[in-house]
Amino acid sequence: MNIGIIGYGSMGRMLAQKIAASGYSEIQNVFVANRSKEKLISIPNELCTCKSNAELAEKSDIIFVCVRPSDIKPVIKEIKDSVKKDALLVSLNGSVTFEMLEKLIQHKIAKVIPSVTAEINRSQTLVSYNNFVIDKDKTNLEKILSCMGNVVVLPENEIGMGSELVSCMPGFIASMFDVVCKSAKKHTSLQDEQIIKMVLNTVSATGDLMIQKGLSFEEVVARVATKGGITEEGSKIIYEQFPSTADAMFQKTLDKRKQTAQNAAKAFGSGE
């Protein structure tokens, strides 16, 4: 099985290197192609370069398209006559729908949304499939993606919220605890670095505790927030005041996601 990756930006590079280092015996070669050839000059020895996207498509059994939304349509048009009959096309853009892609090529297509936590092999990678994809394709793709962490299969219409929960969430979490740490700083002489380290280690350990012990959020609160205690007072404030912030955050991001999808639809509908 040969893997092809079109686009060697930050996402394409990470994906290529993770797959090449996975050690899966089924993978023979990992091919990469990029519009700017300069990016391919110093690629690792375990990767193979192709002169064009069409050449990569001819050689690959799974083709990851890791380009900007505005470049997806030209790339698909460039490779559609070179894609092997049984190959699986994989788009790494959540805004471009299967319907848009199928207007260009009637083929097996998957959509994949990784998380930045793939860098430490703890991504919750989202996957969705169109109706042409068969079980064998799903098994192969999910095994490959597991080198970055867990794989979560969702219907296409849930990819938006799924992206908020796993792909955007590291940014949301970092923002929230940045606020917490800055607020804590107002009430202590501890150094910023120490505050941040204490909070991050506690956040990471709490998540691991909940997963390993199967605890709910409410159960953790109940175990820490004793009746009439300090934690209970802080938890009350969060439950009373934070819901409106969370609602506003999701409303804003989902509205932006809808707008991005509309822009993608316009781009696909314009020109040849």
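Up top is the structure.
Worth saying up front: this structure is predicted, and the values here are computed from it rather than measured.

Chemist: Even after reading the chapter, I still don't get the nonpolar core, so can you show me in this structure?
Modeler: Nonpolar side chains tend toward joint burial in soluble globular proteins. Residues I3, I5, I19, F64, V90 and L141 are the most contacted members of the largest nonpolar core, which totals 30 residues. Residue assignment for this core shows that the elements contributing at least two residues are strand 1 (2-6), helix 1 (10-20), strand 2 (29-33), strand 4 (62-65), strand 5 (88-91), strand 6 (109-113), strand 7 (123-129) and helix 5 (135-145). With four residues, the single largest contributor to this core is helix 1. Apart from the residues lying within four places of it in its own chain, the contact partners of V90 are I62, I63, F64, V65, A110, V112 and L141. Counting residues in hydrophobic clusters, the runner-up holds 24 residues, among them A33, V96, F98 and A264.

Chemist: Just checking my understanding: could you explain the pattern of salt bridges for this structure?
Modeler: Between side chains of opposite charge, a pair can form as their charged atoms come close. Going through the model one piece at a time under the given rule, you end up with twelve salt bridges. K108 is paired through a salt bridge with D137; the nearest N and O atoms lie 3.0 Å apart. With K108 in the loop between helix 4 (98-102) and strand 6 and D137 in helix 5, this residue pair connects regions lying 29 residues apart in the sequence. For K108, a relative accessible area of 10% translates into the label buried.

Cut-offs applied
Residues numbered from 1 in each chain as written. Predicted model: local features only at pLDDT ≥ 70, side-chain atom pairs only at ≥ 80, totals over all residues. Heavy atoms only, no water. Core = buried A, V, L, I, M, F, W, Y, C linked by side-chain atoms within 4.5 Å. Buried < 20%, exposed > 50% of the residue type's maximum accessible area, 1.4 Å probe, protein only. Helix = DSSP H or I, 4+ residues; strand = E, 2+ residues; numbered from the N terminus. Contact = heavy atoms within 4.5 Å. Salt bridge = Lys/Arg side-chain N within 4 Å of Asp/Glu carboxyl O.

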